[in-house]
Amino acid sequence: MEKAVNINSGTLNHEGVRAVGNLFRKEFDAMGFTTEWIQLPDSLNRAGHLVATRTGSKGKKIFLIGHLDTVFEKSMPFSPYTRLNDSTATGQGVNDMKGGDVMIIAALQALHTQGLLEDTNITVYFTGDEESAGKPTSISRKDFIDRAKKSEIALAYETAMSLDIVATARRGASGWELSTSGKTGHSSGIFNQNMGYGAIYEAARILDQFREALSQEKYLTFNPGVIVGGTEVDYDYGKAAGTSVGKTNIIAQKVLVTGDLRFISEKQKNAAREKMKEIVAQNLPMTSAKITFSDGIPAMEPTDANQKLLSVVDKISQDMGLGKVRAGDPGARGAGDISYIAQYVSCLDGLGASGRGAHAPGETINLREYPLLTQRTALLLYRLTK
Ligand SMILES: [Zn+2]
């Protein structure tokens, strides 16, 4: 883990991502896995993925998920693996998620030592761009999805909330863009029949009605992140920056709003979009509005199959004397790689290293819980492949 953490592997540092991949690859080779490096087209500007497979007929077909990259790019100050005390260490990606990657390797090595990997069917997939997936994801996640479809159970080793919580669901993320327009002219004419209400009042009406209609729905959130309005507006997605020109005595002609939409199921996402479209269509006099939606990461829905998998982990935890394990709040987590395949296989996430402060300098790993979580994983793999 120390070696892996001390190699910078920010998503855009291709060389670093590959170096971490090579470090792990050797461990899989030594256990008799077939290893491959999945290249992505240059246009995606991503390092690629490491895949280790073994085929057999014993037990369930397992798909294990990790990622090689971190949010810390080479241009940021580097913080090496450092032991803070007897139960805590810090370093870039120690918890998200090199700790989880090493946990997968260590658990497999435990089984390998006992001859228990023989005739099992296990695919380990470490992506090189989880923190910022290469676009389009239809290309950067194609091989990942194709291979996952051939398995029965997917286990992801992103940060564990604690010893007693795993994720049976994760919310999906998507985007929307709202544009409104109105008739421009002297401000003294606003609200009258000829001039109407202008683009800014129309945008305000829509956003307020979104909030009124949908803000209390469980697991649904939508955040207008940017708004630009005036006589002329311009927004640059690449720079995440916009400009507007306008005057207090001129009725605003244009508004652009961009936001996200997070959801627990496709059904919830689609219902929210329908409701938003309905609201957008009820224009104030002399205005018009348009909303467009873009898909991002799908949701990992809380299925019965995932719940059943949780009960296997719960039983192991109790057998180990560590107490019960329950499902965490899906609202507390963002989307992850597992979300791309959750519709095809039974899934659990949040099985990796526990700690604090992922994505921030100074993130930590809990070294007291780490061996216990690693043992739990070894037992989980054993029981699923017996
Ligand atoms: Zn992660």
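So, here's what we can say about the structure.

What counts, and at which threshold
- Residues numbered from 1 in each chain as written.
- Predicted model: local features only at pLDDT ≥ 70, side-chain atom pairs only at ≥ 80, totals over all residues.
- Heavy atoms only, no water.
- Pairing = 2+ DSSP bridges.
- Helix = DSSP H or I, 4+ residues; strand = E, 2+ residues; numbered from the N terminus.
- Contact = heavy atoms within 4.5 Å.
- Axes fitted to C-alpha atoms, helices over the stretch in contact; angles between N-to-C directions.
- Donors = N, O, S within 2.8 Å, 3.2 Å for Na, K, Ca; no water.
- Tetrahedral: all angles 85-135°; square planar, octahedral: opposite > 155°, others 65-115°.
- Buried < 20%, exposed > 50% of the residue type's maximum accessible area, 1.4 Å probe, protein only.
- Polar contact = N/O pair within 3.5 Å; in protein donor to acceptor, adjacent residues only side chain to side chain.

## Some remarks on the sheet that holds strand β5 (residues 88-90)
Line of reasoning, step 1. The strand order across the open sheet formed by four strands is β4-β5-β18-β17, and the pairing between neighbours is antiparallel. Each edge of the open sheet carries a strand with a single partner, namely β4 (82-85) and β17 (355-356).
Line of reasoning, step 2. Where β4 lies against β5, three bridges are found, and the strand directions are antiparallel. Looking at β5, one finds that T82 is bridged to T90.
Line of reasoning, step 3. Docked against the sheet, helix α3 (residues 94-113) engages β5, β17 and β18 (364-366), running at close to 45 degrees with respect to β18.

## Quick look at the coordination of the zinc ion
Line of reasoning, step 1. Within the protein, the zinc ion binds to H67 (NE2), D96 (OD), E158 (OE) and E158 (OE); these donor distances fall in the range 1.9 to 2.8 Å.
Line of reasoning, step 2. Taken together, the four donor atoms coordinating the zinc ion span angles of 52 to 147 degrees at the metal, a pattern that classifies the geometry as irregular.
Line of reasoning, step 3. Donor residues binding the zinc ion come from one chain and are separated in sequence as H-x28-D-x61-E. Pair noted here: D96 is in helix α3 and E158 is in the loop between β7 (153-156) and β8 (165-166), with a separation of 62 residues, a long-range link. The pair D96 / E158 is uniform in exposure class, with both members buried.

## Quick word on the side chain of D96
Line of reasoning, step 1. For D96, a relative accessible area of 7% corresponds to the buried category.
Line of reasoning, step 2. Of note is the side chain of D96, whose polar atom sits 2.9 Å from the side chain of H359.
Line of reasoning, step 3. Residues in contact with D96, not counting those within four places in the same chain, are H67, T70, E131, E158, T159, A358, H359 and E363.

## What to know about the sheet that holds strand β10 (residues 221-230)
Line of reasoning, step 1. Taken together, four strands build an open sheet; the order of strands is β10-β13-β9-β14 and the sheet is antiparallel. Of all strands in the sheet, those with a lone pairing partner are β10 and β14 (287-297), marking the two edges. Direction aside, the axes of adjacent strands within the sheet are offset by 15 degrees on average.
Line of reasoning, step 2. Alignment of β10 against strand β13 (residues 254-263), held across nine bridges, turns out to be antiparallel. Residue pairing for β13: G229 is matched across the bridge by V255.
Line of reasoning, step 3. The sheet strands contacting helix α6 (residues 198-214) are β9 (172-182), β10, β13 and β14, and the helix crosses β9 at an angle near 145 degrees.
Line of reasoning, step 4. Packing of helix α7 (residues 266-281) onto the sheet brings it into contact with β9, β13 and β14, and relative to β14 it is tilted by some 165 degrees.

Functional significance is not addressed by these values, which are geometric in nature.
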